[in-house]
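Secondary and tertiary structure notes
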Amino acid sequence: MTARIIDGKQVAADMRAELKDEVARLKQQAIVPGLGVILVGEDPASQSYVTAKERACEDIGLYSDDNRLPADTSQEDLMALVEKMNKDPKINGILVQLPLPKGLNEADVLLAIDPAKDVDGFHPMNVGKMVVGEKTFLPCTPHGVIQLLIRSGVKLEGAEVAIVGRSNIVGKPLANMLIQKNATGNATVTVCHTRTKNLAEHTKRADIVIVAAGRPNTVTADMVKDGVVVIDVGVNRVEDATKKSGYRLVGDVDFEAVKEKASFITPVPGGVGPMTITMLLYNTVESAKRAAGL
Ligand code: GUN
């Protein structure tokens, strides 16, 4: 079997077109959704993610307040900026790009964000709401993964899902979302991680394998069954002298070999990445509607 490639760029473009229309309608009611973005330090991957987020805001007509701070920014200054954004009525969503440079306390920063503006869904109050199944902002990457699956016609109910990776940003929230008793859940989930004894045993059993491990070739063709659905969340830079930049992007999955066995697979780039940003835009628009009582 050769897999159907799930085109994240296309799914994201469709959703962004819908959001753009919605933003235009809100503008007629004098509502302009706004996103406050904070990037601390010069990590190149974070810089490119943040630039993409800012561009996406502009594309669909959102206001964005962009703040790039030096790596030696103090905790106090960072907290003060978050507080300022909490009070700013033009800002409906606050995004602090992670990871923060060493020396800054990530947990304290996330806790300082007004939960009503926490469009990343990382505030412990929103994480708690997600776990108990209350309406809240869903974290963008896991929500994007679920949208890709649903919009590709993949059935989640009763599916065996193996998630590889247990980060707070992807693995843990995704596992929680997939076990909820609702239309985007009802799956049976196994979460694998660096201390899992026999990774292949779990991935081979799975109908859906979702990989967010941060390491190329974490999942290879011998580790999956025929007809598996594979979602690759990984973004890794590997050296490539044929590229002007000197590197190319690859995921966590051996794409070329696994696509010959899978029924569906996401590419890197062009799979999950565009969806993460789209769900951020979605949450920001939702937040503006809630703030306006709509
Ligand atoms: N770093 C990697 N992914 C994300 C994300 O979705 N949001 C934020 N704020 N930082 C990240």
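Summary of the structure given here. Sequence positions are assigned chain by chain, starting from 1 and proceeding in written order. Local features in a predicted model are, by the rule used here, given only for residues with pLDDT of at least 70; side-chain atom pairs are given and counted only at 80 or more, and totals for whole chains, interfaces and linings are based on all residues. To get the side-chain values, take all heavy atoms of the structure and skip hydrogens and water.

A few words on the sheet that holds strand 7 (residues 208-211). In short, DSSP must find at least two bridges between two strands for them to pair. A run of DSSP states H or I qualifies as a helix once it reaches four residues; a run of E qualifies as a strand once it reaches two. Both are numbered from the N-terminal end. In spatial order, the strands read 1-11-8-7-5-6; together these six strands make up an open sheet with parallel pairing. Single-partner strands in this sheet number two, and they are strand 1 (4-5) and strand 6 (188-192). Note that strand 5 (residues 160-164) and strand 6 share five bridges and pair parallel. Bridge assignment links Glu160 to a residue of strand 6, and that residue is Thr188.

Before going further, it helps to examine the nonpolar core. Side chains of nonpolar character tend, in soluble globular proteins, to be buried together. Core analysis: the largest hydrophobic core is formed by 51 residues, its most contacted members being Leu149, Leu178, Ile208 and Ile210. A total of eight residues in this core trace back to one element, the largest contributor, which is helix 10 (residues 272-291). Residues Leu199, Val209, Val224 and Val228 belong to the second largest nonpolar core, which totals 19 residues. Residues belong to a common nonpolar core when they are buried Ala, Val, Leu, Ile, Met, Phe, Trp, Tyr or Cys residues joined through side-chain atoms within 4.5 Å. Throughout, exposure labels follow a simple rule: accessible area from a 1.4 Å probe, protein chains only, divided by the maximum for the residue type, with under 20% read as buried, over 50% as exposed, and the rest as partly exposed.

Moving on: helix 3 (residues 75-87). To estimate how far a helix should extend, the number of its residues minus one is multiplied by 1.5 Å. Along its 13 residues, helix 3 runs 19 Å from first to last C-alpha, staying within 8% of the 18 Å computed at 1.5 Å per residue. Along helix 3, the positions that sit buried rather than exposed are Gln75, Leu78, Leu81, Val82, Met85 and Asn86. The arc that holds every buried residue of helix 3, seen down its axis, measures 145°, which confines them to one face. Counted as exposed and oriented over 90 degrees from the buried face of helix 3: Glu76, Asp77, Lys84 and Lys87. Residue contacts follow a heavy-atom distance rule, with two residues in contact if any of their heavy atoms lie within 4.5 Å. Buried positions along helix 3 lie against strand 2 (34-40), strand 3 (63-69), strand 4 (93-96) and helix 4 (106-112). Arc, as used here, means the arc of the directions from the helix axis to the C-beta atoms.

Before going further, it helps to spend a moment on the pattern of salt bridges. One side-chain nitrogen of Lys or Arg within 4 Å of one carboxyl oxygen of Asp or Glu is enough to make a salt bridge. By the definition in use, this model includes eight salt bridges. Residues Lys90 and Asp88 are paired through a salt bridge, measuring 3.8 Å at the closest nitrogen-oxygen approach. Residue Glu260 pairs with Lys259 through a salt bridge whose shortest N-O separation is 3.3 Å. Residue classification places Glu260 among the partly exposed residues on the basis of a relative accessible area of 39%.

The values reported here are purely geometric and, on their own, carry no functional implication.
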